[in-house]
Amino acid sequence: SKRLEGKTILITGASSGIGRSTAQEFARTSPNNLRLILTARRIDTLKEVAEDIKKEVGAGVKVLPVKLDVSNPEEVRSFVGNLPEEWRDIDVLVNNAGLVKGVAKAPEILEEDINVMFATNVTGLINMTQAILPIFKKKGESGAGDIINIGSIAGREPYPGGSIYCATKAAIRSFTDALRRELIATRIRVIEIDPGQVETEFSVVRFYGDKSKADAIYAGCEPLTPDDIAEVIVFTAGRRENVIVADTLIFPNHQAGAGGAMYKK
Ligand code: NDP
Ligand code: 8X3
């Protein structure tokens, strides 16, 4: 789309799943003139994603892989200043990095899991937003740019065994709504994308690397693919500047709620 041409797009959690697909989809949609800053903790994987994108769409898309742990406030604070000058004029921030750990009920949830979920999904997203907003505020007459936050059905519908993860996604929803109101006099668009079940590394991370437990989650149903969500994300960024896709909820065909409200064959 012409509307995305010349933009600089920053994606967190671009080494896997929805973030990686979003990078690829932006590149496919605007292959002639685009800059993609791809961030995550696994820098080697990010470099592979960058190479794959260059192979697929060619040199019109410039890709910069950068190691960034969003749960580390110092890394986030120094992030923009450490970018090469020509990469600092960011137009779109996709706050996608996030994770769930475990399925424990309240009495048994590990303190470490509570902390990592909040530090990544909530504080990480807020700190990234604070880091990028000054760039957006300087654009145009009254500020411009897109903040695209990845929430979840889990933020709207809490379920047993997901209390902390659901709370983090509900926190994202509140922060996102407040921010949109705060930025009402600007051209900064605040967008929320809430996926239902998507097959990514999400469940593998949830079960601490146990792939067979992750596979069981998706057995007998047809989850969304990360590309399905990427298409919606890129669609929202490509709308006319006066159009804000403020809120979305995206399910696969047999899902009607969070935490296993799935029709299984
Ligand atoms: P994946 O596990 O496949 O991807 C998660 C990404 O986040 C990875 O690239 C990972 O990279 C990155 N990440 C995790 N922790 C950090 C950190 N501290 N700093 C930087 N990057 C980090 O899962 P999904 O693609 O499914 O998840 C993406 C988002 O979508 C999350 O916010 C998730 O909550 C949300 N979501 C997912 C749903 C699903 O069913 N899959 C449904 C609804 C929402 P690395 O490990 O290299 O740091
Ligand atoms: C992931 C969706 O319902 O598995 O955000 O928690 S759910």
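What comes next is a walk through the structure. Note that the coordinates shown come from a computational prediction; the quantities given were computed from them, not determined experimentally. (Residues numbered from 1 in each chain as written. Chains lettered and ligands numbered in written order. Predicted model: local features only at pLDDT ≥ 70, side-chain atom pairs only at ≥ 80, totals over all residues. Heavy atoms only, no water.)

A short note on the site of ligand 2
- The environment of ligand 2 is made up of S152, I153, A154, Y159, Y165, F202, A258 and G259.
- Between ligand 2 and Y159 there is a distance of 2.6 Å, counted from an oxygen atom to a side-chain nitrogen or oxygen.
- Between ligand 2 and Y165, the relevant distance is 2.6 Å, taken from an oxygen atom to a side-chain nitrogen or oxygen of the residue.
- In terms of residue class, the shell around ligand 2 is made up of 6 nonpolar, 2 polar and no charged. (Near = heavy atom within 4 Å. Polar contact = N/O pair within 3.5 Å; in protein donor to acceptor, adjacent residues only side chain to side chain. Nonpolar A, V, L, I, M, F, W, Y, C, P; charged D, E, K, R; others polar.)

A few points about the site of ligand 1
- For ligand 1, the set of nearby residues contains 29 residues, the closest of which are S15, S16, R41, Y165 and T200.
- The separation between an oxygen atom of ligand 1 and a polar side-chain atom of S16 is 2.5 Å.
- Here G196 contributes a backbone N or O atom positioned 3.4 Å from an oxygen atom of ligand 1.
- Summarising the interface, the protein chains cover 96% of the accessible area of ligand 1, which totals 880 Å² for the free molecule.
- Breaking the shell around ligand 1 down by element, the ones donating at least two residues are α1 (17-29) and α5 (163-182).
- Looking at the shell around ligand 1 residue by residue, the classes come out as 11 nonpolar, 13 polar and 5 charged. (Areas by Shrake-Rupley, 256 points an atom, 1.4 Å probe, with all protein chains shown as cover. Helix = DSSP H or I, 4+ residues; strand = E, 2+ residues; numbered from the N terminus.)

Regarding unusual backbone geometry
- The backbone phi angle of Y208 is positive, close to 50 degrees, even though this residue is not glycine.
- Within the secondary structure layout, Y208 lies in the loop between α6 (202-206) and α7 (211-218).

Some details on the nonpolar core
- Within the largest apolar cluster, 31 residues are counted, with the highest numbers of intra-cluster contacts made by F26, L36, L38, I53, I148 and I233.
- Those residues in contact with I233 that lie beyond four places of it in its chain are I18, T22, F26, V94, I148, I150 and I193.
- Core analysis: the second largest hydrophobic core is formed by 23 residues, I90, I135, F136 and L183 among them. (Core = buried A, V, L, I, M, F, W, Y, C linked by side-chain atoms within 4.5 Å. Buried < 20%, exposed > 50% of the residue type's maximum accessible area, 1.4 Å probe, protein only. Contact = heavy atoms within 4.5 Å.)

Here's the deal with the sheet that holds strand β1 (residues 7-12)
- Read across the sheet, 7 strands follow the order β3-β2-β1-β4-β5-β6-β7 without closing on themselves; strand pairing throughout is parallel. Every interior strand has two partners, whereas the edge strands, β3 (61-67) and β7 (247-250), have only one. When the angles between neighbouring strand axes are averaged without regard to direction, this sheet yields 15 degrees.
- Sheet analysis places strand β4 (residues 92-95) next to strand β5 (residues 144-150), joined by 4 bridges and oriented parallel. The residue of β5 that forms the bridge with V92 is D146.
- The strands touched by helix α8 (residues 226-237) are β4, β5, β6 (187-195) and β7; relative to β6, the strand with the most contacts, the crossing angle is about 165 degrees. (Pairing = 2+ DSSP bridges. Axes fitted to C-alpha atoms, helices over the stretch in contact; angles between N-to-C directions.)

So, the packing of aromatic side chains
- Applying the stated criterion to the full structure yields 1 aromatic pair.
- In this arrangement the basic side chain of R35 is found over the ring face of W87, its NZ or CZ atom lying 4.8 Å from the centre. (Phe/Tyr/Trp six-rings, centres within 6.5 Å; stacked < 30°, edge-to-face > 60°. Lys NZ or Arg CZ within 6 Å of the ring centre and 35° of its normal.)

Regarding the pattern of salt bridges
- Under the defined criterion, the tally for this structure stands at 17 salt bridges.
- A salt bridge links D247 to R156, with the shortest nitrogen-to-oxygen separation between them at 2.9 Å. Residue D247 is found in strand β7, and its partner R156 is found in the loop between β5 and α5; the two are separated by 91 residues along the sequence.
- With relative accessibility at 32%, the residue R156 sits in the partly exposed group.
- Across the pair D247 and R173 runs a salt bridge, and its minimum N-O distance is 3.0 Å. (Salt bridge = Lys/Arg side-chain N within 4 Å of Asp/Glu carboxyl O.)

Some remarks on α1
- Here α1 contains 13 residues, and its C-alpha end-to-end distance of 18 Å stays within 8% of the 18 Å for a straight helix at 1.5 Å per residue.
- When you tally the buried positions in α1, you get 10 out of 13 residues, the bulk of the element.
- All of the buried residues along α1 are G17, I18, G19, S21, T22, A23, Q24, E25, F26 and A27. (Expected span 1.5 Å × (residues − 1).)

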